[in-house]
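# Summary of the model geometry
Listed below, chain by chain, are the residues.
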Amino acid sequence: QVQLVESGGGLVQAGGSLRLSCATSGSIFSMYAMGWFRQAPGKEREFVAGISRSGDSTYYADSVKGRFTISRDNAKNTVYLQMNSLKPEDTAVYYCAAPRRTLVVPQRVEEVGRWGQGTQVTVSS
């Protein structure tokens, strides 16, 4: 099974940028579509971005389109989330997610088979 470890979170001012990384274990990373989710205090966990196994296809929540970019490096077993033009409403714990079914880009919580431990992103106004 794939293990997921996020990094790159922190405190940033509105309009700033952060890049999250999710390092995975095992040589089968390239077999998995991957996703990022987030959960703000008092809110349900929500889909942010997803990427196919090859990286050719990407998907975004409407709230982050044009500001966030998901990418992957299969040689490094790592998936990234570049976040630009950050807003206070982006404040949340961000989770890397591997799907239950390797081909399916996870866009719903029910489609996720494994979560990372999460990394906090705080955007100040």
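Calculation criteria
- Residues numbered from 1 in each chain as written.
- Predicted model: local features only at pLDDT ≥ 70, side-chain atom pairs only at ≥ 80, totals over all residues.
- Heavy atoms only, no water.
- Disulfide = S-S within 2.5 Å.
- Helix = DSSP H or I, 4+ residues; strand = E, 2+ residues; numbered from the N terminus.
- Buried < 20%, exposed > 50% of the residue type's maximum accessible area, 1.4 Å probe, protein only.
- Contact = heavy atoms within 4.5 Å.
- Salt bridge = Lys/Arg side-chain N within 4 Å of Asp/Glu carboxyl O.
- Pairing = 2+ DSSP bridges.
- Axes fitted to C-alpha atoms, helices over the stretch in contact; angles between N-to-C directions.

Throughout the structure, instances matching the rule amount to 1 disulfide. A disulfide bridge connects Cys-22 with Cys-96, and the sulfur atoms are separated by 2.1 Å. Residues Cys-22 and Cys-96 share a disulfide whose torsion about the S-S bond is about -85°; that sign makes it left-handed. Placement of Cys-22 in strand β3 (residues 18-24) and of Cys-96 in strand β9 (residues 92-99) is noted, with a sequence separation of 74 residues between them. In this structure, Cys-22 and Cys-96 share a single accessibility class: buried.

Turning next to the environment of Tyr-95. Looking at the element boundaries, Tyr-95 is found in strand β9. Excluding residues that lie within four positions of it along the chain, Tyr-95 makes contacts with Glu-6, Gly-35, Trp-36, Phe-37, Gln-39, Arg-45, Trp-115, Gly-116, Gln-117 and Gly-118.

Inspection of every chain in the model, using the stated rule, returns 5 salt bridges. The salt bridge partner of Glu-46 is Arg-38, with a shortest N-O separation of 2.7 Å. We classify Glu-46 as partly exposed; its relative accessible area is 35%. Note that Glu-111 is salt-bridged to Arg-108, the shortest N-O span being 3.6 Å.

The next point concerns the sheet that holds strand β8 (residues 78-83). Hydrogen bonds between backbone atoms are what pair the strands of a sheet, whose relative direction is either parallel or antiparallel. Strand order in the open sheet made by the 4 strands is β1-β3-β8-β7, with antiparallel pairing throughout. Across the chains shown, the open sheet's two edge strands, defined by having one partner strand only, are β1 (4-7) and β7 (68-73). When strand polarity is set aside, the average angle formed by the axes of neighbouring strands in this sheet is 15°. Inspection of the sheet shows β3 paired to β8 by 6 bridges, in the antiparallel sense.

Purely spatial values, then, with no claim about function.
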